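# Summary of structural features
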Amino acid sequence: MLDLYAGTGALGIEALSRGAEHCDFVESNARARQAITENLRRAGLAQRATVHALRAEAGLSTLAGPYDLILADPPYTDSGLPALVTAIGRSGIIHPRTLVVIEHLRSTEIPADSGQLHLLRSRYHGTTAITLYASGASDVGEPPNSQ
């Protein structure tokens, strides 16, 4: 799996603790990368992760993939989210069954379809939106335990 804009690594670490085999964490901030590394060490998950000193956009063209799951939680002030969705949809890091989960401001307009990505649904919690995309065929269906 891939955790873009990893911050403290909480999302990727949670996925690792729930059975993900490996996670690539992409974070440009040095202090945040130190926090990720320490959190992975404390959780006993460091051997199943790689922390990359990259901006999210650079990770899309640098990392090999493909990934089954991509999580992105960019800063809410980042105006580049629509371009990021487009870049993911056109990148070589996804395969026909990749799921992409993006947290963003509810008011941010993002594309319904972009390259190989197709919008499955968005859920709203106050001013926050969680948007789920699937790549390839639209038969991906509902993720496990979705409500």
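Numbers given for residues are sequential positions, taken from 1 along each chain in its written order. Under the rules for a predicted model, residues below a pLDDT of 70 receive no local features and side-chain atom pairs below 80 are neither given nor counted, while totals for whole chains, interfaces and linings still include all residues. The basis for every side-chain value is the complete set of non-hydrogen atoms in the structure, without hydrogens or water.

### What to know about the environment of R55
Structurally, the position occupied by R55 is in the loop between β3 (49-52) and α3 (56-62). Per-residue accessibility, obtained with a 1.4 Å probe over protein chains only, is compared with the maximum for each type, and a residue is labelled buried under 20%, exposed over 50%, and partly exposed between these values. For R55, a relative accessible area of 55% corresponds to the exposed category. With 51 residues separating them along the chain, R55 and L4 place their C-alpha atoms 8.4 Å apart. If we ignore the near neighbours within four places in the chain, the residues touching R55 are V26 and S28. Where helices and strands are cited, they refer to DSSP runs of H or I of at least four residues and of E of at least two residues respectively, numbered from the N terminus. Every residue pair with non-hydrogen atoms within 4.5 Å of one another is taken to be in contact.

### Some remarks on the pattern of salt bridges
Definition used for salt bridges: Asp or Glu carboxyl oxygen within 4 Å of a side-chain nitrogen of Lys or Arg. Summed over the entire model, instances satisfying the criterion amount to four salt bridges. Note that E14 is salt-bridged to R18, the shortest N-O span being 2.4 Å. Judged by its relative accessible area of 37%, E14 falls in the partly exposed class. The class of R18 is exposed, set by a relative accessible area of 68%. Between R41 and E38 there is a salt bridge, with the nearest N and O atoms lying 2.4 Å from each other. One end of the pair is R41 and the other is E38, both in helix α2 (residues 30-43) and three residues apart, which spans about a single turn. Its relative accessible area of 52% is what places R41 among the exposed residues.

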